[in-house]
Amino acid sequence: MSSRQLPYTNEFIEKAIRFYAGYVSGQDTTAYLPPALASVLRGTVQDTENRICRLLFKLAVDLDMMMNVLAAGMEIPDEQLKALRGRCGQDVKKTSGNISLDDAVRYQRGGL
């Protein structure tokens, strides 16, 4: 082995050890993740966040439209509306938001 290869080998081993130490400790990812990779990950997360925000906004607009259409066609007493809001809040919590129109129809028809 020539003396010229030795520094490259030592450098490779040193980088491998730093990567492994950083990976094991898990405390400072910038010590072993290249800045370019960290930047790409940040950009991907930001793009995903922006897309989710846009979709949630569209969903909120559609929900508001639906509620206004229903409110225009229904005459629901305030007490009944308050009770329904409480029950719906409990249902959403209980099912982690996994509710369906079928379940609501069954409830409104007197089912559980």
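Parameters and conventions
- Residues numbered from 1 in each chain as written.
- Predicted model: local features only at pLDDT ≥ 70, side-chain atom pairs only at ≥ 80, totals over all residues.
- Heavy atoms only, no water.
- Helix = DSSP H or I, 4+ residues; strand = E, 2+ residues; numbered from the N terminus.
- Buried < 20%, exposed > 50% of the residue type's maximum accessible area, 1.4 Å probe, protein only.
- Areas by Shrake-Rupley, 256 points an atom, 1.4 Å probe, with all protein chains shown as cover.
- Polar contact = N/O pair within 3.5 Å; in protein donor to acceptor, adjacent residues only side chain to side chain.
- Salt bridge = Lys/Arg side-chain N within 4 Å of Asp/Glu carboxyl O.
- Expected span 1.5 Å × (residues − 1).
- Phe/Tyr/Trp six-rings, centres within 6.5 Å; stacked < 30°, edge-to-face > 60°.
- Lys NZ or Arg CZ within 6 Å of the ring centre and 35° of its normal.
- Contact = heavy atoms within 4.5 Å.

Enquirer: Tell me about the overall build of the protein chain, residues and numbers included.
Expert: Each helix and strand counted, the protein chain has 4 helices and 0 strands in total. Taken from the N to the C terminus, the helices and strands of the protein chain come in the order α-α-α-α. Taking all 112 residues of the protein chain together, 4% fall into the buried category. Put simply, the protein chain shows about 10,500 Å² of open surface, and 61% of that area lies on carbon and sulfur atoms.

Enquirer: Summarise the environment of E14; cite the residues concerned and give the values.
Expert: Take E14: it is sitting in helix 1 (residues 5-25). Within the structure, the side chain of E14 is placed 2.7 Å from the side chain of R18, a separation counted as a polar contact.

Enquirer: Please provide a residue-by-residue account of the pattern of salt bridges, values included.
Expert: Under the definition given, this model contains 4 salt bridges. Between E14 and R18 there is a salt bridge, with its nearest N and O atoms 2.7 Å apart. You can see E14 and its partner R18 sitting in helix 1, 4 residues apart, about one turn around the helix. Here R87 ties to D91 by a salt bridge, and the two come within 2.2 Å at their closest N and O atoms. Placement of both R87 and D91 in helix 3 (residues 78-95) is noted, with a separation of 4 residues, approximately one turn of the helix.

Enquirer: Describe in detail unusual backbone geometry, supporting the description with residues and values.
Expert: Backbone geometry at S96 places phi at a positive 55 degrees, although glycine is not the residue there. By the element assignment, S96 lies in the loop between helix 3 and helix 4 (101-108). Residue class for S96 comes out exposed when judged on its relative accessible area of 68%.

Enquirer: So, helix 3: which residues are in play, and what are the values?
Expert: In a regular helix each residue adds 1.5 Å, so 18 residues correspond to 26 Å; helix 3 covers 26 Å between its end C-alpha atoms and thus fits that length. Trailing helix 3 by a residue or two, S96 shows a phi angle of about 55 degrees, which is positive.

Enquirer: I'd love a proper account of the packing of aromatic side chains, names of residues and values included.
Expert: The geometry of an aromatic ring pair comes down to the distance between the two centres and the angle between the two planes. Scanning the entire structure with this criterion turns up 0 aromatic pairs. The cationic tip of R87 hangs over the ring face of Y107; the distance from NZ or CZ to the ring centre is 3.5 Å.

Enquirer: So what about the side chain of R87? Which residues, and what values?
Expert: Take R87: its relative accessible area is 18%, and that puts it in the buried class. Non-local contacts of R87, meaning those with residues more than four positions away in its chain, are made with Y107 and Q108.

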